[in-house]
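What follows is the residue order along each chain.
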Amino acid sequence: MSAAPRTLAVAAALVLGPLVAGPARADNLHIDVQSNPERNFTPVQELAYEAIVAGVDGYKVDLRLRVTLHNASKRRQDAVLSLALPRDAELLGLAVARDGTWSPGRAAGVAVEPAHRASGTVFARALAPAVAGDLPAAEVVVFNLEPEVTIQLELQLKVPPRLRADRWELELPSRGDDRWGLAPERRVVVQGARPGDIPRFWLDDRPSDGAGVLLSRPEDRSVVSWPYKHVSKDRGILDGHLEILPDPTPPGVKASGGRFRAYLRLGAAPPPRPDHVVVVLDRSRSTAPDLHRDAFAALTGLFDELPPTLTFDAISFARTARPLLEGGEFPSVRDRGARDRVAAALDAGAREQGTDLAAALALAGRRIAARDAHRPLVVVITDGMLPAGIGAQQIGHVFSDSLTKATRPELLFIVDEPMMLRGGITPQHPITSVATALGARISLESLAQHARRSGGEPPEGLTEALLAAPAVLSDLELQLPRRAVLDEPAPGGLVAGNVLVVRGHYTGAPPSVGVRGKLAGVRTSRTLRAVASKPPPAALVASFGVADLDRAAADGFTRPPWFGLNQQRVARLGITWAGRGNGDERGFLDEKIFRNYLGIRVFPRARACFNKALTRDQQLGGKVVFELEVGKGEVMLARVDTAGLNHREPGFEACLLEAAWALEIPAGRLDDQIYRLRYPVVFNPPAGGRPAMEDDPLGPGTVELILGLPNR
């Protein structure tokens, strides 16, 4: 290694090293540190960063990322900007503006060796994720930006959105905690269908309320959403699109194969037309403190849209279930006095340990039978954290038995959980299994968005927004010809709101893809026909000066010679952080934490139970095993296996069960995984001495991860 490159690498490490060891970076702006040795000065600055939603073509959002760069120094500067892109984004276009005049870019090749390019040229290319599941990135190189000159860059992207009830959603990745040289805020714009229109949209649940721009903190992952209007003539719930990218070939030569990408999602289903609505509200401690208020506000708007002849009922549940209306009272949905009584009962009750959905549905079934409704609808509002110890089939049997001869109601699960909103409900989640077994509709919502607006107007369209959710698509199968192969196996199901993107390659003629599954137990299928599309360009180039664009395109994308391996590693690491939570510690639990809280919350109570029981029976002793399921730090299900006791003692066993329910782990509030604990404790009777207790150390098999969710 020559002295000059070695000096440059050391300088880069000195300048950029703290970025790796300190706060996490995602987006990065790099300059030539050898030509700019000054510390604490950024010669090239990003003045603004905008995310502009320009439209939706049915399967992809037209997203523009617009960046404003300024050279604050007295010399020409090169700069390399690394940007995290939304998941599955494709870079299709580039434009650059100087003095307000925009110049479109064109496709370019990619050069192998680092080099300089003509002054006033900007190159951009997409970088595929280094690891499956990480975010893609864009690398933008600006050559010879003149002193005291400001330019704007626009990356033109296509991104698959999510569809949540009546809204499109798109997640914008974090830009990192340490944004050296980058803009201090992120501007988000949703453009209207016609020039001058100011559409309604939301940013992280905040409504635009007529504003054309909303701001968010760039260190946060933000979700922008806007209204969805179904304009397709195809009213099928299962919706899909198959896109093929033939291999490059010389003109006139037919491709012998290529790549394909299939998009699958569930659209809106016809909303039910009930004559009686039962609201079942989760009041377990894993739910948000304001969930009951947000739910009640949204339901109030929904009840205002339903016919006044409908009646309603309300039930809350945690460890046990209880009705919120007296006896056999089933008031009209327009009865404001009854609504106020339900709201008062919810405010008076505190959240509790436990999540017994089976008990709640059993109570709902008995009250439906008493009401003798012909078209009942049960709406369960929950955060989706259900114990796996009570199986989906068991819940279904309990619910069916409670109905006796009453009409089986339609069920709708409304899941309101901020952590799930980022990545959707997976087919493996317990709430998905329960909804599948019961044939229930399911929707992932932020009920705060449906609450009354700041101006006091009631929410609109809640019948379509909340009740039009489809059921889970289970037993999902993709049927491919032998000449087509998936890169990764497809999941076994699909939940509304998610867009499933599967990729693969084929040989010979473009394939068609058959999709089969079950919606509420009914077989459904669809065949996706191939639609050819052009592959994204390898790179793009645009000019804000007088550079020859044809010559620049022929020269191709390259990095400047000063952009060494260390800077490349820092940039790539930043994008990886952006896709994996940007280094946020979400409070994941481990055996050490469980051991600590069991010793603080459960063991002393078990000892008190034992000492009290010994006053009744001096010979009592043996081994018990506490079995608990924990989600978000809350005990959702607790049992005590007392088979190891030398004889039964009901009072002692009941006391131990209450000790198990006393476990609470605030440190796990942000851990959305579900754990099963087995905590053995041995009680030794006082054989001529003092009573003694010992707990077995937690080891393999005593802490079991039931639901492990990927990083989002």
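Everything below is about the structure shown above.
Parameters and conventions
Residues numbered from 1 in each chain as written. Predicted model: local features only at pLDDT ≥ 70, side-chain atom pairs only at ≥ 80, totals over all residues. Heavy atoms only, no water. Buried < 20%, exposed > 50% of the residue type's maximum accessible area, 1.4 Å probe, protein only. Helix = DSSP H or I, 4+ residues; strand = E, 2+ residues; numbered from the N terminus. Expected span 1.5 Å × (residues − 1). Axes fitted to C-alpha atoms, helices over the stretch in contact; angles between N-to-C directions. Parallel < 35°, antiparallel > 145°, perpendicular 65-115°, else oblique. Left-handed = near helix turned anticlockwise from the far one by under 90°. Contact = heavy atoms within 4.5 Å. Nonpolar A, V, L, I, M, F, W, Y, C, P; charged D, E, K, R; others polar. Core = buried A, V, L, I, M, F, W, Y, C linked by side-chain atoms within 4.5 Å. Pairing = 2+ DSSP bridges. Salt bridge = Lys/Arg side-chain N within 4 Å of Asp/Glu carboxyl O. Disulfide = S-S within 2.5 Å.

A closer look at helix 7 (residues 430-438)
For helix 7, the complete set of buried residues consists of Pro 430, Ile 431, Thr 432, Val 434, Ala 435 and Leu 438. Following helix 7 by one or two positions, Gly 439 has its phi on the positive side, about 65°.

So, helix 4 (residues 357-371)
The end-to-end C-alpha distance of helix 4, which contains 15 residues, comes to 21 Å, matching closely the 21 Å that a straight helix rising 1.5 Å per residue would cover. Here helix 4 has its buried residues at Leu 357, Ala 358, Ala 360, Leu 361, Ala 362, Leu 363, Ala 364, Gly 365, Arg 367 and Ile 368. At the exit of helix 4 stands Asp 372, carrying a positive phi of roughly 55°.

Quick word on the packing of helix 5 (residues 392-403) against helix 7
Contact geometry for helix 5 and helix 7: axes closest at 8 Å, N-to-C directions at 45°. For the element pair helix 5 / helix 7, the angle class is oblique. Here the hand of the crossing between helix 5 and helix 7 comes out right-handed. Residue-level contacts link Ala 392, Gln 393, Ile 395 and Gly 396 of helix 5 to Ser 433, Val 434, Ala 437 and Leu 438 of helix 7. Class assignment of the residues belonging to the contact of helix 5 with helix 7 gives a composition of five nonpolar, three polar and no charged.

Focus: the nonpolar core
Formed by 49 residues in total, the largest nonpolar core has its most connected members in Leu 63, Ile 151, Leu 155, Val 224 and Trp 226. Setting aside chain neighbours within four positions, we find Val 224 in contact with Val 53, Trp 168, Glu 169, Leu 170, Val 188, Val 190, Phe 201, Trp 202 and Leu 203. Counting residues in each nonpolar core, the second largest holds 39 residues, with Ile 315, Leu 411, Val 434 and Ala 435 among its members.

Looking at unusual backbone geometry
Not every positive phi belongs to a glycine, and Asp 99 is a case in point at roughly 60°. Within the secondary structure, Asp 99 sits in the loop between strand 5 (90-98) and strand 6 (101-104). Assessed through its relative accessible area of 72%, Asp 99 is described here as exposed. Even without a glycine there, the phi angle at Asp 372 is positive, about 55°. Assignment of secondary structure puts Asp 372 in the loop between helix 4 and strand 23 (376-382).

Structural notes on the sheet that holds strand 3 (residues 61-71)
Taken in spatial order, the seven strands of this open sheet run 6-5-10-3-2-13-16, and their pairing is mixed. One side of each edge strand has no neighbouring strand; the edge strands of this open sheet are strand 6 and strand 16 (214-216). Pairwise comparison of adjacent strand axes, ignoring direction, gives a mean angle of 25° for this sheet. Of the strand pairs in this sheet, strand 2 (residues 44-56) and strand 13 (residues 186-190) are connected by four bridges, and their pairing is parallel. Across the sheet, Ile 52 pairs through a bridge with Val 189, a residue of strand 13.

Some details on the sheet that holds strand 17 (residues 222-227)
Taken in spatial order, the five strands line up as 11-12-17-14-15 in an open sheet, and their pairing is antiparallel. Each edge of the open sheet is held by one strand with a lone partner, namely strand 11 (162-164) and strand 15 (206-207). In the sheet, strand 14 (residues 202-203) pairs with strand 15 via two bridges, with the strands oriented antiparallel. Paired with Trp 202 across the strands is Pro 207, a residue of strand 15.

What to know about the pattern of salt bridges
Counted by the stated rule, this structure contains 40 salt bridges. Note that Arg 293 and Asp 347 form a salt bridge whose closest N and O atoms lie 3.4 Å from each other. Pair noted here: Arg 293 is in helix 2 (residues 291-305) and Asp 347 is in helix 3 (residues 336-348), with a separation of 54 residues, a long-range link. Classification of Arg 293 as partly exposed rests on a relative accessible area of 44%.

Looking at the state of the cysteines
Enumeration according to the criterion identifies one disulfide in this entry. Covalent S-S linkage joins Cys 609 and Cys 655, the inter-sulfur distance amounting to 1.9 Å. Its torsion about the S-S bond being -75°, the disulfide of Cys 609 and Cys 655 is classed as left-handed. Taken together, the residues span a long stretch of sequence, with Cys 609 in helix 12 (residues 591-614) and Cys 655 in helix 13 (residues 650-661) at a distance of 46 residues. A relative accessible area of 27% places Cys 655 in the partly exposed class.

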